[in-house]
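Reading the structure
Chain by chain, the residues:
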Amino acid sequence: MIFNQKFECMPPGKLKALQLERLKAITAYIDKDCPFYQKRLAEAGLHAKDIKSLSDIQKFPLTLKDDLRNNYPYGMLSVPLSKIIETHVSSGTTGNPTVVGYTAEDIDLWSEVMARSLCLSGARPGDMIQIAYGYGLFTGGLGFHYGALKLGLSIIPCSSGLTPRQIKIMTDFKPRILACTPSYSLYMAEAAREAGIDPFKSSWQIGIFGAEPWSVNMRTEIEKVWNMTALDIYGLCEIIGPGVAMECPCKTGLHLFSDVFYPEIIDPDTGKEVPEGQPGMLVLTTLTKTGMPLLRYATRDIVSINREPCACGRTSPRISKIQGRTDDMLIVRGVNVFPSQIEQVLLNIEETQPHYQLIVDRKPNGMDELEVLVEVKEQFFSDELKKLEALEDTIKKQIEAVLGVGASVRLVEPKSIARSEGKAKRVIDKRNI
Ligand code: DLL
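The structure contained in this document is the topic of the report that follows. Every chain is numbered on its own, with residues counted from 1 as its sequence reads. For a predicted model such as this one, the threshold for reporting local features is a pLDDT of at least 70, and the threshold for listing and counting side-chain atom pairs is 80 or more; totals across whole chains, interfaces and linings nevertheless cover every residue. The basis for every side-chain value is the complete set of heavy atoms in the structure, and neither hydrogens nor water enter the calculation.

Observations concerning the sheet that holds strand 20 (residues 408-412)
Filter applied, for reference: We call two strands paired when DSSP finds no fewer than two bridges between them. Only runs of H or I of at least four residues qualify as helices and only runs of E of at least two qualify as strands under DSSP, and these elements are numbered from the N terminus. Angular values range over 0 to 180 degrees, each being the angle between N-to-C directions of two axes fitted as lines to C-alpha atoms, with helices fitted over their stretch in contact.
Sheet architecture is open: four strands sit in the order 20-19-18-21, paired in mixed fashion. What marks the edges here is a single partner per strand, and that holds for strand 20 and strand 21 (427-429). The sheet shows a mean angle of 20° between the axes of neighbouring strands, taken without regard to direction. Both strand 18 (residues 352-362) and strand 21 contribute to a ladder of three bridges, which runs parallel.

Written as structure tokens, this is what we have:
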């Protein structure tokens, strides 16, 4: 079953014509209705009429995460605030998070691309889905929810966490589909075993995993443990949330819904398009969004693209699994973490220096652990254990408040973290994913 035969199987020539028509329309729309883009395009001396072919998009400037942050909370909108019916956020670099406003039409679009994604995985109307992505303010939970409603699934909106309850729901209600981060599925396997339940005998036949990087080896492990088909879903809140691209059971890349999200793969250093099939940064333009459309959004995710038709019958281009990032963003237990956020916390604490290191590791049960090593200033480095413990606790609480994810803090002596003449090595990622 293909949810939207017309758009998912469109002949390539027709698809290109549609993309061009939509690109012209969205550029004209933002130039008219979005003050941010009006200024941007005027500065670059560009207009919608400058788009005569799809490659003309390359003349336009990129939109960056910083643009969203600098225009916090609603400065990127193309509609009056009264038209925004839902708002989601994701963590930003420092200070303000990234805010995304959806109109009713945008929620319809989100439902559509998520219904396509669920259908791609093998989910069929009447199937039961356990949604164990967070519902707020993260986009995972509600994105799946809207798509599942549209496809006609039976929804268990668990949200993330409360693991024993997740296992009980799986055992008692017998849902066929699980949606959560890949690392959480491994964590749940351990919890199931502890509860005396054999994960291999679970009711879940399909797992839809994303929001963080995971390897083919991790897929093998999840499929073996849960006796299920594990598929990859990609997305980001700036563009819509989950539902930008989704793997089909052929497992030969993630189908990108390019009738609504126009992809380019560029060299992050030169800004030029890379040769077809080579890895580069994914840049996305929303072709039909109305609340907060984005032109050439720099995702910072590294992928390659394959435009050959897939054995499943769809013609949409497929992106590889995410191969890395062009910035230092880490994803810890599904939460986006920028080292600069931690730096900001430390700069506000008198006793510490902005010399720090993040150590990320994954426990055998699949849970990520984040440890922050922090240098204490000479004059505050006392032998008094109580004082140091209190300081550790303060830092821990503040980091957790800023990141939205827990971390352990280890205070270290002044000058004990290796200095670098070039880029400081802030992150040691020991995860084998
Ligand atoms: O993570 C949306 C999402 C929810 C996707 C549920 C899939 C499932 P953000 O919080 O804005 O949105 O984070 C977006 O997460 O730029 C990637 O770096 C990373 N990411 C998302 N999906 C994948 C994936 C959601 N399948 C950022 N593989 C993106 C690797 C992923 N990284």
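Okay, back to it.
Structural notes on helix 9 (residues 216-226)
The criterion, for reference: Using a 1.4 Å probe on the protein chains alone, a residue whose accessible area is under 20% of its type maximum counts as buried, one over 50% counts as exposed, and one in between counts as partly exposed. Starting at the helix axis, one direction is taken to each C-beta atom, and the arc is that of these directions. When checking whether two residues touch, look at their non-hydrogen atoms; a contact exists if any pair is within 4.5 Å.
Looking only at helix 9, the buried set comprises Met218, Arg219, Ile222, Glu223, Val225 and Trp226. All buried residues of helix 9 fall inside an arc of 165° around its axis, so they share one side. Exposed side chains of helix 9 directed beyond 90 degrees from the buried face belong to Val216, Asn217 and Lys224. In the core, the buried residues of helix 9 are packed alongside helix 7 (163-173), helix 8 (182-194), strand 6 (206-210), strand 7 (229-236), strand 8 (241-247) and strand 18. Asn227, located one to two residues past helix 9, shows a positive phi value of around 55°.

Remarks on the packing of helix 10 (residues 339-347) against helix 11 (residues 385-403)
Two quantities define a packed helix pair, namely the angle between the helix axes and the distance between the axes. Note the threshold: Any angle that falls under 35 degrees is termed roughly parallel, while one over 145 is termed roughly antiparallel, one within 65 to 115 roughly perpendicular, and all others oblique. Each crossing gets its hand from how the near helix is turned against the far one by less than a right angle, where anticlockwise is left-handed and clockwise is right-handed. Asp, Glu, Lys and Arg are counted as charged, while Ala, Val, Leu, Ile, Met, Phe, Trp, Tyr, Cys and Pro are counted as nonpolar; the rest, among them Gly, fall into the polar class.
Close contact between helix 10 and helix 11 brings their axes to 10 Å; oriented N to C, the two are set at 135°. On the basis of the axis angle, helix 10 is oblique to helix 11. Helix 11 is crossed by helix 10, and the crossing has right-handed handedness. On helix 11, the residues that touch Gln341, Ile342, Val345 and Leu346 of helix 10 are Ile395, Gln398, Ile399, Val402 and Leu403. Here the contact of helix 10 with helix 11 is built from residues that sort into seven nonpolar, two polar and no charged.

Topic: empty space enclosed by the protein
This is how it is decided: Of the two site types, the cavity is a set of points on a 1 Å grid over the protein atoms alone where a 1.4 Å probe fits but cannot get out, and the pocket is an open set with protein on both sides within 12 Å along at least five of seven lines, each lined by residues with an atom within 4 Å of a point. Grid points are joined across faces, edges and corners, and a volume is the space filled by probe spheres set on the points.
Taken as a whole and judged by the stated rule, the model has one cavity of 30 Å³ or more. Roughly 40 Å³ of internal volume is contained in the largest cavity. Taken together, the residues of the lining of the largest cavity sort by class into four nonpolar, two polar and three charged.

Remarks on helix 7
It helps to recall that an α-helix has 3.6 residues per turn; residues three or four apart then point in one direction. Among all positions in helix 7, only Thr163, Gln166, Ile167, Ile169 and Met170 are buried. Viewed end-on, helix 7 has its buried residues packed into an arc of 160°, placing them on one side of the element. The exposed set on the far side of helix 7, more than 90 degrees from its buried face, consists of Pro164 and Lys168. Contacts from the buried residues of helix 7 go to strand 3 (128-131), strand 4 (154-156), helix 8 and helix 9.

Concerning the side chain of Ser320
Here is the rule: Under this definition, polar contacts are N or O atom pairs within 3.5 Å; protein pairs additionally need one hydrogen-donor-capable and one acceptor-capable atom, and for neighbouring residues in sequence, both atoms have to be side-chain atoms.
Position of Ser320 among the secondary structure elements: in the loop between strand 14 (318-319) and strand 15 (324-325). Of note is the side chain of Ser320, whose polar atom sits 3.1 Å from the side chain of Gln323. When neighbours within four sequence positions are excluded, Ser320 is seen to be in contact with Leu254, Val303 and Ser304.

Overview of the nonpolar core
As a reminder, the rule being used: Grouping buried Ala, Val, Leu, Ile, Met, Phe, Trp, Tyr and Cys residues that are joined through side-chain atoms within 4.5 Å yields what is termed a nonpolar core.
Within the largest apolar cluster, 74 residues are counted, with the highest numbers of intra-cluster contacts made by Leu118, Ile129, Phe144, Val244, Phe261 and Ile319. Top element by residues in this core is helix 5 (residues 104-121). It accounts for nine residues. Excluding residues that lie within four positions of it along the chain, Val244 makes contacts with Tyr234, Gly235, Leu236, Ile239, His255, Leu256, Phe257, Phe261 and Leu284. One finds Leu330, Ile349, Leu391 and Val409 within the second-largest nonpolar core, a separate group that totals 24 residues.

Thoughts on the site of the ligand
Test applied: If even one non-hydrogen atom of a residue comes within 4 Å of a molecule or strand, that residue is called near it. All accessibility values rest on the Shrake-Rupley procedure with a 1.4 Å probe; residue burial counts only the protein chains present in the view.
In the region of the ligand, 23 residues are neighbours, and Ala211, Asp232, Ile233, Cys237 and Asp301 sit closest. The contact in question runs from an oxygen atom of the ligand to an N or O atom on the backbone of Cys237, over 3.0 Å. One nitrogen or oxygen atom from the side chain of Arg325 is found 3.2 Å from an oxygen atom belonging to the ligand. Within the complex, the protein chains bury 97% of what would otherwise be the 610 Å² of accessible surface of the ligand. When residues in the shell around the ligand are grouped by element, the largest group, five residues, is from strand 7. The class makeup of the residues in the shell around the ligand is twelve nonpolar, six polar and five charged.

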